[in-house]
Amino acid sequence: EPEPEPEPESESEPESDADTGRAIRSPARLGDCVARTNRGSLGCRAMSGTSKAEADPIGYDGGLTCSMHVTGLDRAIAWHRDVLGFRLRYRLDEMGWCELATPVHGVSVGLSRQPHVAPEGGATLVFGVRDIEVARRNLEARGVDFDGPTSTIEGMVRLATFRDPDGNILMLYQDLGGLPG
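Residues numbered from 1 in each chain as written. Predicted model: local features only at pLDDT ≥ 70, side-chain atom pairs only at ≥ 80, totals over all residues. Heavy atoms only, no water.

**What to know about the environment of V117**
Looking at where V117 falls in the secondary structure, it is placed in the loop between β6 (107–113) and β7 (125–128). Note: C-alpha distance between V117 and H69 (48 residues apart in sequence) is 6.3 Å. (Helix = DSSP H or I, 4+ residues; strand = E, 2+ residues; numbered from the N terminus.)

**Section: the pattern of salt bridges**
Scanning all chains against the criterion turns up eight salt bridges. A salt bridge links R75 to D166, with the shortest nitrogen-to-oxygen separation between them at 2.6 Å. Here the residue R75 occupies a position in helix α2 (residues 73–82), and D166 occupies one in the loop between β9 (157–163) and β10 (169–175), the gap between them amounting to 91 residues. Residue D166 is classed as buried on the basis of its relative accessible area of 10%. Residue R158 pairs with E133 through a salt bridge whose shortest N-O separation is 2.9 Å. You can see R158 sitting in strand β9 and its partner E133 sitting in helix α3 (residues 132–141), a full 25 residues away along the chain. A single network of salt bridges, built from pairs that share partners, joins D74, R91 and D93. (Salt bridge = Lys/Arg side-chain N within 4 Å of Asp/Glu carboxyl O. Buried < 20%, exposed > 50% of the residue type's maximum accessible area, 1.4 Å probe, protein only.)

Take a look at the structure:
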């Protein structure tokens, strides 16, 4: 059994996650990318003939925060909460930043308030669902308009694309058993 890797040293002071009581490290810069160091170790499948360190030289910890730009935090938080079922973890109004917990283990969404958001949005978040038609009907009942019909790559995946109120592209996927890895 491999030994746990030591937590990377950080210049920032630990904060407390009000929901779990665990210490979290504040990111040095908020906006484009947020690194979290409190998620535990990411299980890495070492390729034949390679060590865990070679297979994961960066030392991923299993956490992922996807950052998106929004024009207003109140509206964006409400939409992500009411439509997608996310939960507010914390909010830093002085920085124009908040982070939302998603139902996907280890994945959070960070929202960065900006005066203008490009109409085509930024990052594309793609969420796996068990049944894409059920998920789609649920979101449509909440006022979400999809960018066309659900597409299917036979034997691989089904995909449906929609946007949040700021134009950020979001997608759903249903694995049909043929995705690599």
